[in-house]
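In case you want the letters, here they are:
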Amino acid sequence: MARNPSPESPALPERERSERGSTSRSGSEDEYDEDEDELLSHHNDSWDIDSTEHRYRSETQLATDQDEDVRHGFAEAYSSEEYLQALEKSYFLYWTDPRHERAGLPKPMPDLKIDWRNRDRVRTAAAVLVVCLRIGYDPPDIIKTDPCAKLECWVDPYSMAKEKAMDRIGKNLQHQFEALAATPKTRYKLFPDPPIEDAKKFCTAARKSAKNERVLFYYNGHGVPKPTTSGELWLFNKQYTQYIPVSLAEVVSWLGSPTIMVWDCSAAGNIVTKVQEFGIKRDAELARDAANPPAPPPPAPGGVPTGLPGAAEPTAPPERAQMPSVPFRETIQLAACLGNETLPMNPDLPADLFTCCLTSPIEIALRFFLLRHPLKTDLTLEMLLELPGKLNDRRTPLGELTWIFTAVTDTIAWNTLPRDLFQKLFRHDLVVAALFRGFLLAERVMRFYECTPISVPALPQTHNHPLWDSWDLAVDMCLAQLPKLLEADRAWKATLPVQPLLLTDQPPPPLPPGPPLPYNHSTFFAEQLTAFEIWLEQGSVAKRKQPEQLPVVLQVLLSQAHRLKALILLCKFLDLGPWAVNVALSIGIFAYVLRLLQAPATELKPVLIYIWARILAVYENCKEDLMKQTYPPARADAPYQYFVTILAPTGSNHHLPIPNVSEHRAMCAFILAVCCRDYRPGQLACARAGVFEACVVHLRDEDPLLRQWAALCIAMMWDDFEEAKIAGVRARVHETFCTMVSSDVVPEVRASVMFALGTLLGTSGSSNPSKRFGRSIACSSPAAELRPVEQMDVELGVAMATLKSSTDGSPPVRRELIVLLSAIVNEHQGQFVVAAYRVIIERANKATAQAAAAAGSGSSASASNGINSSNGSGNGNGNGNGNGNGNAEQQGVTDETLAFITASLQTAAESDEGPSNPAFQATLFACMYKTLFDLMTDPFPDIAEMAGDVMDYILGLLFASQLGPAVRSALSAAPPSASLARVRPPPLAGTVLRESLVVDGPVHANGGSHPTAPGRTATLMRSIANLTTAALSDPTPVPPSSLRLNLNGRTAVPHSPNGSVSPGLHSSASTDSLRHLQSRAGKPKSRTLSMDQASIDAAIASIIKGDEERLRKRRETPSGTPLETGEQVLPLKGTFFDFALEYYKESQMRATETDEPGSIAHNQRVWRRARNESVIIKTQPMKLPAARSKWDEQVGFYGNDAVPTQILFHQFEKHLVAADNKGFITVYDWEKNQRINRFANGSPASVPISSAKFVNEDDIALLMTGSADGHVRLFRKYESPTDVQIVSSFQGISETLATNTKHYDAGLVLEWQQGRGQLMMGGNVKYIRVWDATKEMALQDLPTRANSCLTSLSCDQVAGSILVGGYGDGTVKVYDRRLNPRDNMVRDYRGWHRSWIVNVHMQRGGNRELLSGSLSGEICLWDIRLVEPVMTIQAHQGGLAQMAVHEHAPVFATSSAFNVVKVWGMNGDDTPISKFRSSSGFMGPRQSPMTSMAFHPHHMVLGCSSGDQLDVFQMSRYQEWLSTPSSMGRFGQ
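Treat the numbers as computed from the prediction; the structure is a model and nothing was measured.

Visitor: Explain the sheet that holds strand β9 (residues 454-456) residue by residue, including any values.
Guide: Pairing within the open sheet is mixed, and its six strands lie in the order β3-β2-β4-β7-β8-β9. A strand with exactly one partner marks an edge of an open sheet, and here the two such strands are β3 (187-192) and β9. Sheet twist, expressed as the average angle between the axes of neighbouring strands with direction ignored, equals 10°. In this structure, strand β7 (residues 259-264) lies alongside strand β8 (residues 332-335), joined through four bridges in parallel fashion. Opposite V262, over in β8, you have L334 as the bridge partner. Contacting β2 (124-131), β3, β4 (214-220) and β7, helix α8 (residues 196-210) crosses the sheet at an angle of about 170° to β2. This element, helix α9 (residues 248-255), spans β4 and β7 of the sheet and lies at about 140° to β7.

So, in structure tokens, the structure goes:
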């Protein structure tokens, strides 16, 4: 029956009514008989495509005009400025955050930490400087040139008396060594021309004073013969009349180990070789002596006791040499040349060229530069020695060159040496580092003069490193200014008063400070920072080599002019990840950034905060450096106070010039949280500094990152720290947390708060995996001044306030909830044993009663009951809260139960009797027990496993307790369940069934049985993980969508693999639970008498009393005493802190890889977007032919292993997804005709998948499924047979209501809105719930105002404010989310459909047409501005099974109960544009009803499923037109 719109419809414009009007269409279709196939064939054969093309040419303009006329008044809204701005916004992706990539768990990363602290470093404590010159007497084996090099330590020994020359050389040498490294710990001793006896004495004395530290031995042999090849060097006798050879083995034994030796003499390579040989021999001797200790001394001769007259004096055992801390073979050596080389004799160079390179490198480097200068210059060698400045003053020319030289040599060594060798030579000891810097210069200079310095350990060649060119440039810039500098210096000195004459040996008086020199500083550091910045910006996106300029950055930190830029670049470098932190710390950055915390500069605060956050994220033990000398006593200027000051919400830091102050305060909270973790001095220091109070204030901050870390910082402060917990309770922080855990819109914040509450109740936030237990607030000692009743009040109040989070949309929150509850189970084991006992007894009694009732009801009633209960979980009840008819004790933790308990808890808080009331406590612990039981069926596998572990522990205690016999007796008396088919545990979500995949060819129907579910860990509670607490109440028989009644009153009941009717979930699950409990309990002993009620009450009282006694002992234990035992299992350990900590290990400054141009991920995303646009552009012209062409061209034929309940096409990938009634998902490639994957949804076998949607289709899509038990799951890589991953899961709807219609409910109905990131859902409840994907929580509950279940849901995909719902009683309702709950239902269409709404759908493209179809066959086209349908049609007289609407083309399809498919246009035609039958397979039943139908969103492709068969049809000539658009050019003219 067709109805016309009422003329009083106020929202329809005149033009709309005149052009569209009301069109009444009906198609006649009788019951199918034997002649129907012939009729259908005649209908298809008579359709002429040429005539269709002619009609297109004449009606093209009309169709174009209609496309511009969008329904529902959306055209005006879509042309608004607000809508256009919304289109310009970035496309958001959902469920792609790190918590979804890793399921909220810490990333399993290998331990890449390094020992950057150099804890085994050895310092140089003593130095022996041996100078053998014997001025005036040349050695016999050296023939000197004329002229020849003369200078020794920049002193000409022939320009003065021998004694004075030697004295001057010695003083200069010692001064040069002392200036080498500004360390007062090294004691230098000069020994000029020493005799051999004195040399031995000096060496042994140096080793004695140095103890286990290093000794420096310097040997200048310019006045003695060359060392011999046999390993001897030369000294003098006391009369200086002979050269005395000294074996290097003796020198090695004198000096001991560790030692560094410097050999400045010709043929020095001979020494190096022999020292290595003698060192190896010495190590072998010491090892042999250690392995063979000497025998004890012999007894006194003649047996006379020692000490008596005539007894011989006891002989002392020979003194044994001790093993040195460093082996002799690791002795460091620096030598001037090889064994066959002679030192350079160039008169322009000093004679001790090697020594000068090591101890005065700047002077030698300037001289070397000038000697090689190719251009004419006015500079002389004497002028170089007058370079003004001081070595330690970086503002002067000499100091700046020294600074640059250090940076250059460190950088060369950093880039050429192995990392451990660089650490040993350039970071362990200042003296060794300075000598090796000079050695790099010596290698460059002396190689130029055909002399090869050598070292042990050997270094790679560095004389031709490119960075030496930068050094030459810096020297050139400095020397270019030298004449001007010297002139200014002379002019200033001329103004000074005349100095009095001085004696010959009298040093000149110090000059007063002069004016600033006209010196232009070098651009070396600025240029190197620029190079480092370019490396950071344009380095490779993937694996990088370490930057060459990093040691330069370390040196730049010493300069105020470049410090800020260097720190900013260092931040960018550390942002690259933990490997960058390792590199920076190995270069020695830590000491600098630690000292910079004392700098008052405000502009340094943001960068230092960021740097320290990065360091502590990788190396938590650095907190000890921040906390040094803080407790006791606490210092106001301790390093950690730097972060406390910024975190403080009051004071002068309100006006700190810090951008994003909340973000930097979050970093400070993170730093202080790490300082408190596993570190009691840190907890005490932060508590005294007011960190706790500051974090409490920041819990109300707008920045979620600051709220998150404020909560985690509080968690670390009161973790196993009683004083902080008491302070938090007094400040009611736990009440703030209880509010945040259910109201905060950021999942990470909610998880952080739950983690903090867990540490309050006794879980451990320690980084030590073996530490699980921390003192609970319920175990506070008497010194805490918190009464036991108050402790119990806090503990139970926190527990009950968090139970609502069992249905939180974020898995990390639910995971931390289980950890929290495990802590309460650990503290109150007896209470949970009693709660478990009561639940099991109640279940056993109920099973006995049900078995007795079933035995007397007759066979027909039993069969009927078997069918009605076969899918009892299809009521959308995920946590088993029943059907609304049970009482509060039988259901799970419903909102009403929580409200009642909250009110009771509030009453108890006002009095002192509530928490101590046994009945009150029993109610609370029963609710916590049921919540744990509910969480065993959590859709996220590891959360269900954690809950199962806790339940295993409780049941183990129960069977071992005094109530064990009573439980065994009750379970043994329960009815046997062998006659009922057992419900197998569901396979884990994402489990791939590889044996059912066919990837090499087309997929055909195989008729195979259901594959065996993979095995699972055999624990008691995991084996019944498909149970819900609804098993405790009377189940309402509510089948899923696949079990709807058809018009003939028949019910399609799926069969189990063995052919019998599938058992009901609730009845069989309850029996299954009892079966496993019976298996675990075992049979009671024959002599064991059943316990009477008095004995049971006494046992319960005894168990609870044991709890109280255990709590009393814990409370009496002093604070700080560990309460954990070695065999303790609970509580579980929370992991969210470690997960949150990884935020500061990941890059925050750089774009993600997908947003980084040039990366593989970015290129793939660009390709996908281009592919998507191509699909849209190709398919848009097909909308007009779609409304006039036949659709009976079959292109796909698939055999599924079960009955598909939902099928859907991906918009852009070639994926067809089929979800079946056995809880499995099959993915097909509909173009290649292949099955590419099949995996488990994770729901029980009798709980079908009632909805399926794609999320993020424009990029890498996620598959969302909704099952009839109310669970929503999201899968990543759903098409991959090897890597299906569950991204997230949650319980969308947990309550159900009894239906008042003759039809069953449709399970969980989903509608995904990508533009707003919101998920609408409904079912057999009185509301439509709106979930936000970003917040992972319910935003809104729209009251349905319906007396039947929701069967279909659609919404406006663009603006997202309009929702349309179809219901089981045939009503269609329109809701506007922008209105208040009383007025949000803007349309209530009644009477237009006579039965169950099969589908209601609003197009996301085209004219945004809204259609609805019902089981009785009526199809209505709606405009929500009208109170009546625009068009009605009776699609099938025999009843309608399915309806599908194309998203963009003006077509929709319907199917009858007899599998007749009709494709209709929306342009006013009275007859369907195509009509055909969907095949059921060659051997399939002919009358198999169609279970699902779907159009491809863009392509003109239609998918149909009936029985276990999937068919894919397309528009006629579609592939031809798609591949050659010109072939349909005449259609668009």
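Visitor: Go over the sheet that holds strand β37 (residues 1509-1514), please, and point to the residues and values.
Guide: Strand order in this open sheet of four strands is β10-β37-β36-β35, and the pairing throughout is antiparallel. Every other strand in the sheet has two partners, leaving β10 (1193-1199) and β35 (1490-1495) as the edge strands with one partner each. Between one strand axis and the next, the sheet turns by 15° as a mean value, whatever way the strands run. Direction of pairing for β35 relative to strand β36 (residues 1501-1506): antiparallel, over a ladder of five bridges. The partner of M1493 across the bridge, within β36, is C1504.

Visitor: An account of the packing of aromatic side chains is needed here, citing residue identities and associated values.
Guide: If you walk through the whole model with that rule in mind, you get 48 aromatic pairs. Relative to W471, the ring of F405 has its centre 5.5 Å away and its plane inclined at 65°; by these criteria the two rings are edge-to-face. With a gap of 66 residues between them, F405 in helix α14 (residues 397-416) and W471 in helix α17 (residues 467-480) connect regions that are remote in the sequence. For the pair formed by F405 and W471, the shared burial category is buried. Relative to W709, the ring of F670 lies with its centre 4.9 Å away and its plane at 70°, an arrangement referred to as edge-to-face. Within this pair, whereas F670 is found in helix α27 (residues 661-676), its partner W709 is found in helix α30 (residues 704-717), the two being separated by 39 residues in sequence. Each member of the aromatic cluster is reached from another via a ring pair, and the members are F354, W414, F422, F426, F436 and F439. Here the guanidinium or amino end of R394 rests over the ring plane of W403, the centre of that ring lying 5.6 Å away. Over the ring of W414 we find R419, and its NZ or CZ is 3.6 Å from the ring centre.

Visitor: Outline the pairing of β2, supporting the account with residue identities and numerical values.
Guide: The buried fraction of β2 is high, at eight of eight residues. Here β2 runs beside β4; their pairing, made up of seven bridges, is parallel. Note that in β4 the partner of V128 across the bridge is F217. Relative to β3, β2 is paired through six bridges, and the arrangement is parallel. Across the sheet, residue L129 finds its bridge partner in β3, namely L190. Handedness of the crossover joining β2 and β3 through helix α7 (residues 162-180): right-handed.

Visitor: With reference to specific residues and values, describe the nonpolar core.
Guide: Residues W263, F573, F737 and M928 are the most contacted members of the largest nonpolar core, which totals 316 residues. The residues contacting F573, other than those within four sequence positions of it, are F532, W535, L536, P547, L550, W579, A580, V583 and A584. With 29 residues, the next largest nonpolar core counts V1309, A1346, L1411 and A1435 among its residues.

Visitor: Please give an account of the state of the cysteines that cites residues and values.
Guide: Applying the stated criterion across every chain, the model contains zero disulfides. The closest cysteine sulfur to the non-disulfide-bonded C337 is located on C451, 4.6 Å from its own sulfur. By relative accessible area, C337 is classed as buried at 0%.

Visitor: Got a sec to walk through helix α35 (residues 811-827)? Specific residues and values, please.
Guide: Taking 1.5 Å per residue, 17 residues should reach 24 Å; α35 reaches 25 Å between its end C-alpha atoms and fits that length. For α35, the tally of buried residues reaches 17 of 17 residues, placing the bulk of the element in the interior.

Visitor: Report on the environment of L105, specifying residues and quantitative values.
Guide: Topologically, L105 is positioned in the loop between α6 (98-101) and β2. On the basis of relative accessibility, which here comes to 28%, the residue L105 falls in the partly exposed class. C-alpha separation for the pair L105 and A1140, spaced 1035 residues apart in sequence, amounts to 9.1 Å. If we ignore the near neighbours within four places in the chain, the residues touching L105 are R815, D942, T1135 and F1139.

The rules behind these values
Residues numbered from 1 in each chain as written. Predicted model: local features only at pLDDT ≥ 70, side-chain atom pairs only at ≥ 80, totals over all residues. Heavy atoms only, no water. Pairing = 2+ DSSP bridges. Helix = DSSP H or I, 4+ residues; strand = E, 2+ residues; numbered from the N terminus. Axes fitted to C-alpha atoms, helices over the stretch in contact; angles between N-to-C directions. Contact = heavy atoms within 4.5 Å. Phe/Tyr/Trp six-rings, centres within 6.5 Å; stacked < 30°, edge-to-face > 60°. Buried < 20%, exposed > 50% of the residue type's maximum accessible area, 1.4 Å probe, protein only. Lys NZ or Arg CZ within 6 Å of the ring centre and 35° of its normal. Right-handed = clockwise from strand over helix to strand, strands pointing away. Core = buried A, V, L, I, M, F, W, Y, C linked by side-chain atoms within 4.5 Å. Disulfide = S-S within 2.5 Å. Expected span 1.5 Å × (residues − 1).

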